[in-house]
Amino acid sequence: MANNSPRRRKVTLASSLMQAQIRKVSESRGFAQTRVLTHWPEIAGEDMAAISRPVDVSYARNGMGATLTLLTTGANAPLLEMQKEKLRERVNAIYGYNAIARIRVTQTAATGFSEGRVSFQHRAPKEPPAPVPDEATRAKAQAAAMGVTNDDLRAALERLATNVLSRTQQQG
């Protein structure tokens, strides 16, 4: 079969097929730009997107500055409250001007209780990687535990000494 065959079809991205429907739904809910909905993890950051979801943009009567309503769970509401200003700046960067004047945090969807029952993906906080000790630190730790005859105890003491020496070097 040749490349210029009439059977060959153009490949279309799924996002372009859904763009009109997404725009219609999002504009009816107050989102002038669908990007706030479709790219929320990129806008808010992975940590904030894991605990929140944009549900509404409402405009004041005089039309000056909108309120973005974010849905979250009860335990995550204080975390989101502390990040409101940073989130507002990020959303306004998408709009290109200060479209969002306020962010309101709610634990129930703006449309009612049935949509308010949302499950956010819980992710455990990332632990910083353990520092890799240098050879001199390891040698000092081995020397400190050298007189111990029990292998398990000696290994535990070497790990402890390595950690203590590494922290002392980081602080000093």
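Residues numbered from 1 in each chain as written. Predicted model: local features only at pLDDT ≥ 70, side-chain atom pairs only at ≥ 80, totals over all residues. Heavy atoms only, no water.

Chemist: Which residues make up the nonpolar core, and what are the values?
Modeler: With 20 residues, the main nonpolar core has W40, L68, L70, L87, V91, Y95 and I100 as its most contacted residues. In this view, I100 contacts V57, A66, L68, R88, V91, N92 and Y95; residues no more than four positions away in its chain are not counted. (Core = buried A, V, L, I, M, F, W, Y, C linked by side-chain atoms within 4.5 Å. Buried < 20%, exposed > 50% of the residue type's maximum accessible area, 1.4 Å probe, protein only. Contact = heavy atoms within 4.5 Å.)

Chemist: Requested: an account of a nonpolar patch on the surface, with residues and values cited.
Modeler: Side chains of L153, L157, L160 and V164 sit close together on the surface and give an oily, nonpolar patch of about 340 Å² of accessible area. With respect to the element layout, L153 can be found in helix α9 (residues 151-171). Accessibility expressed as a relative area gives 45% for L153, which makes it partly exposed. (Patch = residues over 30% accessible without salt bridge, like charges linked within 9 Å, V, L, I, M, F, W, Y side chains within 5 Å. Areas by Shrake-Rupley, 256 points an atom, 1.4 Å probe, with all protein chains shown as cover. Salt bridge = Lys/Arg side-chain N within 4 Å of Asp/Glu carboxyl O. Helix = DSSP H or I, 4+ residues; strand = E, 2+ residues; numbered from the N terminus.)

Chemist: Give me the lowdown on the side chain of T162, citing residues and values where you can.
Modeler: Its location among the elements puts T162 in helix α9. Looking at T162, the relative accessible area reads 13%, which means it is buried. Excluding anything up to four places from it in sequence, T162 contacts P133, T137 and A141.

Chemist: Describe the packing of helix α8 (residues 135-144) against α9, with residues and values.
Modeler: A pair of packed helices can be characterised by two numbers: the angle between their axes and the separation between those axes. The geometry of α8 relative to α9 is characterised by a closest axis approach of 8 Å and an angle of 135 degrees between their N-to-C directions. Considering the angle they form, α8 stands oblique to α9. In terms of crossing hand, the pair formed by α8 and α9 is right-handed. Of the residues in α9, those touching α8 at T137, K140, A141 and Q142 are E158, A161, T162, L165, S166 and Q169. (Axes fitted to C-alpha atoms, helices over the stretch in contact; angles between N-to-C directions. Parallel < 35°, antiparallel > 145°, perpendicular 65-115°, else oblique. Left-handed = near helix turned anticlockwise from the far one by under 90°.)

Chemist: Just give me the short version of the environment of I51, but keep the residues and values in it.
Modeler: In this structure, I51 sits in the loop between α4 (46-49) and β1 (52-59). Sequence-wise, I51 and T73 are 22 residues apart; in three dimensions their C-alpha atoms are separated by 7.2 Å.

Chemist: Could you give me a rundown of α9, with the residues and numbers involved?
Modeler: With 21 residues, α9 should reach 30 Å at 1.5 Å per residue; the first-to-last C-alpha distance of 30 Å fits that figure. Of the positions making up α9, those classed as buried are A161, T162 and S166. In a view along the axis of α9, the buried residues occupy a sector of 130 degrees, so they form one face of it. Every exposed residue of α9 that faces more than 90 degrees away from the buried side is listed here: D152, R167 and Q171. Close packing links the buried residues of α9 with α8. Capping the start of α9, N150 holds a side-chain oxygen 2.9 Å from the backbone nitrogen of D152, two or three residues further along. (Expected span 1.5 Å × (residues − 1). Arc of directions from axis to C-beta. Polar contact = N/O pair within 3.5 Å; in protein donor to acceptor, adjacent residues only side chain to side chain.)

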